[in-house]
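# Residue-level structure breakdown
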Amino acid sequence: MATDTLPHAAGIIGAAVPRIDGSLKTSGTARYAVDHNFPGLVHGVAVQATIGKGRIRSLDTSAAEKMPGVLLVLHHGKIDNVYRFYPHEADGTISEARPPFADENIYYWGQFVAAVVAETLEQAKAAANAIKAEYDIEKPDVNPDLSDFTGPKPESWLRGDPDKALASAPVTVDETYITPVETHNPMEMHGTVAVWDGDNVTLYECTQGVVNHRVVMSEVLGVPRENVRVISRFIGSGFGGKLFPWTQSSIAASAARTLNRPVKISVDRRMMFTSTGHRPRTQQRIRLGATEDGKLTAIRHDFFTETSQLDDFVEHCGEQTPFLYSCPNLVVTTGMVRRNVGAPAPMRGPGAVPGLFALESAVDELAIKLKMDPVEFRLKNDAERDEGKNLPFSSRHLKECYTTGAEKIGWKNRTPEPGSMRRNGKIYGWGVGGASWSAARIPCTASVELCPNGRICVRCATQDIGTGTYTIFAQVVHAATGVPLDRIDVFLGDSSLPEGPTSGGSMATSAVLPATTTAVNSAVTRLLHIAAMIPNSPFHGMKPESLAFANGRVMQKEEEPKVVGVSLSSSSQLAANGVPFEEVLKLANLSGISAMGKTAPSFEDPKAKQYSLHSYGCHFAEVEWDPEIVRLRVSRIFSVFDAGRIINKKAGANQILGAAVMGVGMALFEDTVHDSRTGQPINNNFADYIVPTCADLPELDVTFLDYPDYIVNEYGARGIGEIGMAGVAPAIASAVYHATGVRVRTLPIRIEDLLKSNIREA
Ligand code: MOS
């Protein structure tokens, strides 16, 4: 690690700090949920329904129950004390509300109908395969066309008279855009290890929210919250699929209680296509109206999103529509369409990502009709204030994102005619897509402890899903104390720690910063008071306010911290003067000094409520098109983001890079296909469900504008986990049009679409 080049103390905020947990992961010592093993641990395997709709007529478990090692077979009518969780306002969310094996109805292919627990995984698998289910089969509804929907379509964000404005607009676009079911494919699959000790249960989970998981599982298991502990120290990402508990957690906990033995259940990759969420299919009709000179006059965004039979999940595709552009007449309508599929879940940039595919593609089409440059169109129609909420923006530099990205790719040399740009015997095309995601400061509590061994511990019941949250805490503590990163211990991923935020909505960083800062500053203040108070201290009798804390040492304020060198391992300067804090603790006979800090949420902050809080950005994509062999590649993506102040440039850039990669997957590959006869997702594996690999990836370039947004917190930091995925697919689809002359409105873009191109040679 090249940490020796890191800036010291306060300068570390904003630096490209390598993840402090990186070596644990690369050396294989980080333990993920199902890496936990205990004496007597046994294995559970779920049995999935092989029909998409109907009822279990009979379930023959007799053979399975007699098989070697089998300890327990669970199914409808035979599962102990698993209760329904009813969501409360702001106090807990579950993914699939129906408890496991609640009745004999089958709502989707892959629904868990039974589970076997056995001494070994192999025994459990063999017994699971021996369970014979017979069904009364009905035809499942997995119709990908969502327009048969006749239910209510609530209107939101209505302003002006969009229909009248559309009717009188000289230039209009009216198109429908479709995004498919996309399945979360984090590297680490879902899994639970449940361990009971009397009335207490510990769940080793992969969850984006240990606190939420505890709240939900306390009610599912019918035990007090204080009896439930959820541990999730390392997570192989989640993309939203791990925000809220899934059924395997309830099954593992129930079985472990019944057997009084630790139970491990892993969800395999195939099951992840039915049983742990997906981004639902969307079908969005966008109507835009503009004046001849390119001023938007009307936006109508009418969309349908698919959900399961029992869960009311809406992919809010219209969330960015009311404020991205200035436009006097606008409406968004939402239709939730039920299908025989598993429960959907949030997936990186829920709502915004499919929503902006539609809106930004339509804007490109409108600009083309207007014979206007699509960047110029966006600059001309940029919003000065949030016209949806009628509030000023806390900080918005979207125009600068566009001008910066245009500069990077060399946009001024773009010729608009499809197929008109050539290089090295290939055609290339350029397209742009805008991005936005909301910002907020959610509640957080953190504690900081100055320990007698010269280390500082920081604790918070949030978790690091791979994004760099551990490192952010260490940066804040280092910035306030000068204590080297390798002497800062960050404890996360345990619900018994001070209550912290879910890693969701791109809000963890903005939530943890104020709480951690308050905690570390209070601990230091207490240290200085103690240093001045105790009789055997060299600072005895001095005013605490006259003391300072630098490089981990207490000194008098007028004394400049003297530096004798730099610690190669830890970015830290080696101080020569002052008294190390651990010496002060020893003199005072203290086992440590700790302090708590809290983050007050922005939704209760009268000042923050006066602003529209969002991050912004854009992607400029280049595709290379080889018409002779119908070969398309995304060759370059330039991403420019206005996401407030970036706390860690390395982890931050990683977020945008990873999101751009997912965006390539969305544009070109990903599509969960359900068989219309059975309701089975037929490409439920990595051979048939294509995610981008290194060989598919373009050159990626990320720029942060780095304007602090002090309405969100004192660091000016917003969040960047999700926004990077927005705007990629429309940028690529527009680049594809620019290269091939083919407009693809149904993702993913396929070779079959490109065969329609009239451009036959480069
Ligand atoms: Mo994000 S979809 O809230 O993990």
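Structural data are supplied above this passage.
Described in the following lines is the structure provided in the data block. Every value quoted in this text rests on a predicted model; they were computed, and no experiment measured them.

Along the chain, the regular secondary structure elements total 16 helices and 29 strands. The C-alpha atoms of the chain give 28 Å as radius of gyration, which agrees with the globular expectation for 762 residues (27 Å, within 12%). When the backbone C-alpha atoms are referred to their principal axes, the chain occupies close to 85 × 70 × 50 Å. Accessible surface for the chain amounts to roughly 28,500 Å². Of this, 52% is attributable to carbon and sulfur atoms. Computing the positive centroid from 75 side-chain charges and the negative centroid from 85, the chain places the two 1 Å apart.

Moving on to helix 3 (residues 121-129). For an α-helix the count is 3.6 residues per turn, leaving residues at separations of three or four pointing the same way. Taken as a whole, helix 3 has its buried residues at Ala124, Ala127 and Ala128. Seen along its axis, helix 3 keeps its buried residues to an arc of 105°; they face one direction. With respect to the buried face of helix 3, the exposed residues turned more than 90 degrees away are Glu122 and Asn129. Contact partners of the buried residues in helix 3: strand 1 (42-48), helix 2 (62-65), strand 3 (70-75) and strand 5 (112-118).

This part takes up helix 11 (residues 469-481). Helix length check: helix 11, at 13 residues, gives a terminal C-alpha distance of 19 Å against a target of 18 Å (1.5 Å per residue), a fit within 8%. Counted residue by residue, helix 11 has 12 buried out of 13 residues, so it is predominantly covered. Looking at the buried side of helix 11, the elements it contacts are strand 18 (444-450), strand 19 (456-459), strand 20 (488-491), helix 12 (508-533) and strand 21 (547-550). Where helix 11 ends, the next residue or the one after it, glycine 482, has phi of about 75°, a positive value.

Reading across the sheet, the 5 strands line up as 16-17-27-28-29 and stay open at both edges, with mixed pairing between neighbours. Strands at the two margins of the open sheet, each flanked by one partner only, are strand 16 (422-423) and strand 29 (699-704). When strand 27 (residues 614-626) meets strand 28 (residues 631-642), the two strands line up antiparallel, connected through 11 bridges. What sits directly across from tryptophan 625, in strand 28, is leucine 632. The strands touched by helix 14 (residues 649-668) are strand 27, strand 28 and strand 29; relative to strand 29, the strand with the most contacts, the crossing angle is about 130°.

Read from one edge to the other, the open sheet built from 5 strands follows the order 7-15-14-13-8, with strand pairing classed as mixed. Two strands close off the open sheet at either side, each with one partner strand: strand 7 (155-159) and strand 8 (171-179). Each adjacent strand pair in this sheet contributes to an overall mean axis angle of 10°, direction not counted. As defined by bridge partners, strand 8 adjoins strand 13 (residues 282-290) across 9 bridges and the pair is classed as antiparallel. In the strand pairing of strand 13, glutamate 175 is matched with isoleucine 286. Contacts from helix 8 (residues 352-369) reach strand 8, strand 13 and strand 14 (296-307), with the element oriented near 150° to strand 8.

A separate point is the packing of aromatic side chains. In this description, an aromatic ring pair is defined by two values, namely the gap between the centres and the angle between the planes. Under the definition given, this model contains 13 aromatic pairs. Centre to centre, the rings of phenylalanine 273 and tyrosine 689 are 5.2 Å apart; their planes meet at 70°, and the pair counts as edge-to-face. Here phenylalanine 273, found in the loop between strand 12 (263-266) and strand 13, pairs with tyrosine 689, found in the loop between helix 14 and strand 29; they are 416 residues apart in sequence, far enough to count as distant. Here phenylalanine 273 matches tyrosine 689 in class, with each residue buried. The structure contains a cluster of three or more aromatic residues connected by ring pairs, namely Trp411, Tyr428, Trp430 and Phe620. Across from the ring centre of tyrosine 428, 4.2 Å away, lies the NZ or CZ of arginine 423, which sits over that ring.

Right, let's talk about the pattern of salt bridges for a bit. This structure, assessed with the given rule, holds 40 salt bridges. The residue arginine 287 makes a salt bridge to aspartate 302 at a minimum N-O spacing of 3.0 Å. Taken together, the residues span a long stretch of sequence, with arginine 287 in strand 13 and aspartate 302 in strand 14 at a distance of 15 residues. With respect to burial, arginine 287 and aspartate 302 carry one shared label: buried.

Here the focus is the packing of helix 14 against helix 15 (residues 728-740). At a minimum axis distance of 8 Å, the contact between helix 14 and helix 15 shows a crossing angle of 50°. In terms of orientation, helix 14 and helix 15 fall into the oblique class. Taken as a pair, helix 14 and helix 15 cross one another with a handedness that is right-handed. Along its contact with helix 14, which presents Ala659, Ala660, Gly663, Val664, Met666, Ala667 and Leu668, the element helix 15 presents Val728, Ala729 and Ile732. Looking at the contact of helix 14 with helix 15 residue by residue, the class counts come to 9 nonpolar, 1 polar and no charged.

Okay, the nonpolar core next. Grouped together as the largest cluster of nonpolar side chains are 89 residues, with contacts concentrated most on Leu288, Leu366, Phe620, Ile732 and Ile749. Per element, the largest residue contribution to this core is 10 residues, and it comes from helix 8. The next biggest cluster of nonpolar side chains, apart from the first, holds 57 residues, and it includes Val448, Ala479, Ala511 and Ala532.

So, about unusual backbone geometry. Across the junction of leucine 747 and proline 748, the peptide omega takes the value -5°, indicating a cis bond. Its location among the elements puts proline 748 in the loop between helix 15 and helix 16 (751-754). Residues other than glycine seldom take positive phi values, yet alanine 9 does so here, at roughly 50°. Phi at asparagine 589 is positive, roughly 55°, even though this residue is not glycine. When you line up the elements, asparagine 589 lands in the loop between helix 13 (581-587) and strand 26 (593-599). Note on asparagine 589: relative accessible area 69%, which makes it exposed.

Pairing analysis gives 4 bridges linking strand 18 to strand 19, with the strands arranged antiparallel. Directly across from valine 448, in strand 19, lies its bridge partner valine 458. Pairing between strand 19 and strand 20: 4 bridges, direction parallel. Of the residues in strand 20, the one forming a bridge with valine 458 is valine 490. In this fold, the crossover linking strand 19 to strand 20 by way of helix 11 has right-handed handedness.

To describe two helices that pack against each other, one gives the angle between their axes and the distance between the axes. Helix 6 (residues 247-259) packs onto helix 5 (residues 210-221) with a crossing angle of 50° between their chain directions and a minimal axis gap of 11 Å. Relative to helix 6, helix 5 is oriented oblique. Handedness of the helix 5/helix 6 crossing: right-handed. Mapping the contact onto sequence places His213, Met217, Val220 and Leu221 in helix 5 and Ser249, Ser250, Ala253, Ser254 and Arg257 in helix 6. By residue class, the composition of the contact of helix 5 with helix 6 is 4 nonpolar, 4 polar and 1 charged.

Turning our eyes to something else, we now look at the state of the cysteines. The tally for this structure, following the rule as stated, stands at 0 disulfides. Residue cysteine 444 stays outside any disulfide, its sulfur separated by 3.7 Å from that of cysteine 460, the closest cysteine. For cysteine 444, a relative accessible area of 3% translates into the label buried. Note on cysteine 451: no disulfide assigned, nearest cysteine sulfur contributed by cysteine 457 at a separation of 3.4 Å.

Criteria and cut-off values
Residues numbered from 1 in each chain as written. Predicted model: local features only at pLDDT ≥ 70, side-chain atom pairs only at ≥ 80, totals over all residues. Heavy atoms only, no water. Helix = DSSP H or I, 4+ residues; strand = E, 2+ residues; numbered from the N terminus. Rg over C-alpha atoms; globule rule 2.2 N^0.38 Å. Areas by Shrake-Rupley, 256 points an atom, 1.4 Å probe, with all protein chains shown as cover. Lys, Arg positive; Asp, Glu negative; His and termini not counted. Charge placed at Lys NZ, Arg CZ, Asp CG, Glu CD. Buried < 20%, exposed > 50% of the residue type's maximum accessible area, 1.4 Å probe, protein only. Arc of directions from axis to C-beta. Contact = heavy atoms within 4.5 Å. Expected span 1.5 Å × (residues − 1). Pairing = 2+ DSSP bridges. Axes fitted to C-alpha atoms, helices over the stretch in contact; angles between N-to-C directions. Phe/Tyr/Trp six-rings, centres within 6.5 Å; stacked < 30°, edge-to-face > 60°. Lys NZ or Arg CZ within 6 Å of the ring centre and 35° of its normal. Salt bridge = Lys/Arg side-chain N within 4 Å of Asp/Glu carboxyl O. Parallel < 35°, antiparallel > 145°, perpendicular 65-115°, else oblique. Left-handed = near helix turned anticlockwise from the far one by under 90°. Nonpolar A, V, L, I, M, F, W, Y, C, P; charged D, E, K, R; others polar. Core = buried A, V, L, I, M, F, W, Y, C linked by side-chain atoms within 4.5 Å. Right-handed = clockwise from strand over helix to strand, strands pointing away. Disulfide = S-S within 2.5 Å.

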